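# Overview (structure and organization)
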Amino acid sequence: MNKLIKYTTLATFVCFAIAVISIKSISTESFNKASLYFNKNFKNIDAGEMIDLVIDKDFDFTSEDKLKINMTFGHLNLIPTQSNRIKTSLKSKIAKNRKISLDNLIFKKGNQLVVDLQKAFDDDDSLIHFLKIADDSISISNSLTLEIEIPEKFSSLDINSVSVDIQIRGIQPQNIKINTVSGDTIFENVKTPQLSLNSVSGDFELLNSTSNDINISTVSGDLEFHSSLPEKYKISFRGVSGDLSGQKDFISDSGLDPAKKIKINTVSGNARFYAN
């Protein structure tokens, strides 16, 4: 019994360490700022003191280009376009007296398009004047919306977020990497050779989306995999209290394709595989 407790404790520590290391790109400061967004002690300001913030930008974007996004809160929506240009649309609400430098929010440097919303909104001024609105219908998740229309095929997608709900549809980059704390992410009809997903409590849902190499690390976040064409993935699942379940076509030991693999490390998250 003592050995069992010892091994369980060790496994818990190892899985937790893996999850923490996996989100190392999200700074301690970002964690602290995120906790303040939910602090109810801030005084609300009148909705009449708020104004709409709308930023629309577009750039040339080729199959060799990269997209990097840094967000703290809000909603992110990526959809495909047949155009050879990438279009970004940021919509939010800010206090009338809030001054934001727009130059460094969305820009292209070399072959990388950068959307960096953390620096603009991660200060004390933002915490007091940006989110605290006397309107219950305006919340953290809907107070900032970023929609991006992007060509289907490009080099890479890299997202770092704290509390952002993400929807990604119909794109085919060479690789996708997402680091998040609590936001949920949905993939729909996405194809990529490499997919790396890291979260603390955020869930991941893959709808008819495929990748030959999937790596997922979570503390308590769950994974759901839905597909109309079940494939024989080689699945590695390491968890303390979480479990793996689903259609036998996905998790059977027979007929595995060694080129298709899913690696999942979690403390208490569950992985579910469904055939549509």
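Residues numbered from 1 in each chain as written. Predicted model: local features only at pLDDT ≥ 70, side-chain atom pairs only at ≥ 80, totals over all residues. Heavy atoms only, no water.

### Points about the overall build of the chain
Secondary structure assignment for the chain yields 5 helices and 17 strands. Here the chain, with 276 residues, has 43% of them falling under the buried criterion. Of the roughly 13,900 Å² of accessible surface on the chain, 50% is carried by carbon and sulfur atoms. (Helix = DSSP H or I, 4+ residues; strand = E, 2+ residues; numbered from the N terminus. Buried < 20%, exposed > 50% of the residue type's maximum accessible area, 1.4 Å probe, protein only. Areas by Shrake-Rupley, 256 points an atom, 1.4 Å probe, with all protein chains shown as cover.)

### Thoughts on the side chain of histidine 226
Within the fold, histidine 226 resides in strand S13 (residues 223-227). Residue classification places histidine 226 among the buried positions, given a relative accessible area of 15%. Separated by 3.0 Å, the side chains of histidine 226 and glutamate 224 make a polar contact. Contact partners of histidine 226, with chain neighbours within four places excluded, come to Glu205, Leu206, Leu207, Asn208, Ser209, Tyr274 and Asn276. (Polar contact = N/O pair within 3.5 Å; in protein donor to acceptor, adjacent residues only side chain to side chain. Contact = heavy atoms within 4.5 Å.)

### Notes on unusual backbone geometry
Positive phi, close to 55°, is recorded for asparagine 189, a residue that is not glycine. With respect to the helices and strands, the residue asparagine 189 is situated in the loop between strand S9 (185-188) and strand S10 (194-199). You will see that asparagine 208, though not glycine, has its phi angle at about 50°, which is positive. Structurally, asparagine 208 is set in the loop between strand S11 (204-207) and strand S12 (213-218).

### Some thoughts on the environment of serine 83
As for its placement among the helices and strands, serine 83 is situated in the loop between strand S2 (66-81) and strand S3 (85-95). Take serine 83: its relative accessible area is 28%, and that puts it in the partly exposed class. At 3.0 Å, the side chain of serine 83 and the backbone nitrogen of arginine 85 are in polar contact.

### Section: the confidence of the model for the chain
The pLDDT averaged across the chain works out to 76; a share of 64% of its residues lies at or above 70. Taking the mean pLDDT of every element in the chain, the minimum, 43, falls on helix H4 (residues 124-129) and the maximum, 97, on S9. Counting contacts from residues 123-142, a segment whose pLDDT is below 50, to residues more than four positions away or on other chains yields 57 contacts. (pLDDT = per-residue confidence, 0-100.)

### Describing the pattern of salt bridges
Side-chain pairs of opposite charge can arise where the charged atoms are in close proximity. For the structure shown, the criterion picks out 5 salt bridges. With its nearest N and O atoms 2.6 Å apart, the salt bridge here joins arginine 85 to aspartate 58. A residue pair is termed long-range when its members are at least 10 positions apart, and arginine 85 in strand S3 and aspartate 58 in strand S1 (residues 50-60) qualify at 27 residues. In this structure, the salt-bridge partner of aspartate 158 is lysine 68, at a minimum N-O distance of 3.4 Å. Placement of the pair is aspartate 158 in strand S7 (residues 156-169) and lysine 68 in strand S2, with a sequence separation of 90 residues. (Salt bridge = Lys/Arg side-chain N within 4 Å of Asp/Glu carboxyl O.)

### Here's the deal with the packing of aromatic side chains
The final tally for this structure, using the stated rule, is 2 aromatic pairs. Measuring from ring centre to ring centre gives 5.6 Å for phenylalanine 225 and phenylalanine 273, while their planes differ by 25°; the resulting arrangement is stacked. Pair noted here: phenylalanine 225 is in strand S13 and phenylalanine 273 is in strand S17 (residues 271-275), with a separation of 48 residues, a long-range link. (Phe/Tyr/Trp six-rings, centres within 6.5 Å; stacked < 30°, edge-to-face > 60°.)

### Observations regarding the pairing of S10
As defined by bridge partners, strand S8 (residues 175-180) adjoins S10 across 6 bridges and the pair is classed as parallel. For lysine 177, the partnering residue across the bridge sits in S10 and is serine 196. (Pairing = 2+ DSSP bridges.)

### A short note on the pairing of S7
The element S7 is extensively covered by neighbouring structure, given that 10 of its 14 residues are classed as buried. Sheet topology places S2 next to S7; 12 bridges connect them, and they run parallel. When the sheet's bridge partners are listed, asparagine 77 is paired in S7 with glutamine 167. Where S7 and S8 come together, 5 bridges link them in parallel fashion. Paired with asparagine 160 across the two strands is asparagine 179, which belongs to S8.

### Observations concerning the environment of glutamate 188
Counting through the fold element by element, glutamate 188 comes out in strand S9. In this structure, the C-alpha to C-alpha distance between glutamate 188 and asparagine 208, residues 20 residues apart in sequence, is 6.0 Å. Excluding its chain neighbours within four sequence positions, the residues that come into contact with glutamate 188 are Ile168, Arg169, Gly170, Leu207 and Ser209.

### Description of the environment of isoleucine 262
Locating isoleucine 262 in the fold gives a position in strand S16 (residues 261-266). Since its relative accessible area comes to 2%, isoleucine 262 is described here as buried. Remark: the alpha-carbon pair of isoleucine 262 and isoleucine 235, spanning 27 residues in sequence, is separated by 4.8 Å. The contacts of isoleucine 262, once residues within four sequence positions are left out, are Ile214, Phe225, Tyr233, Lys234, Ile235, Ser236 and Phe273.

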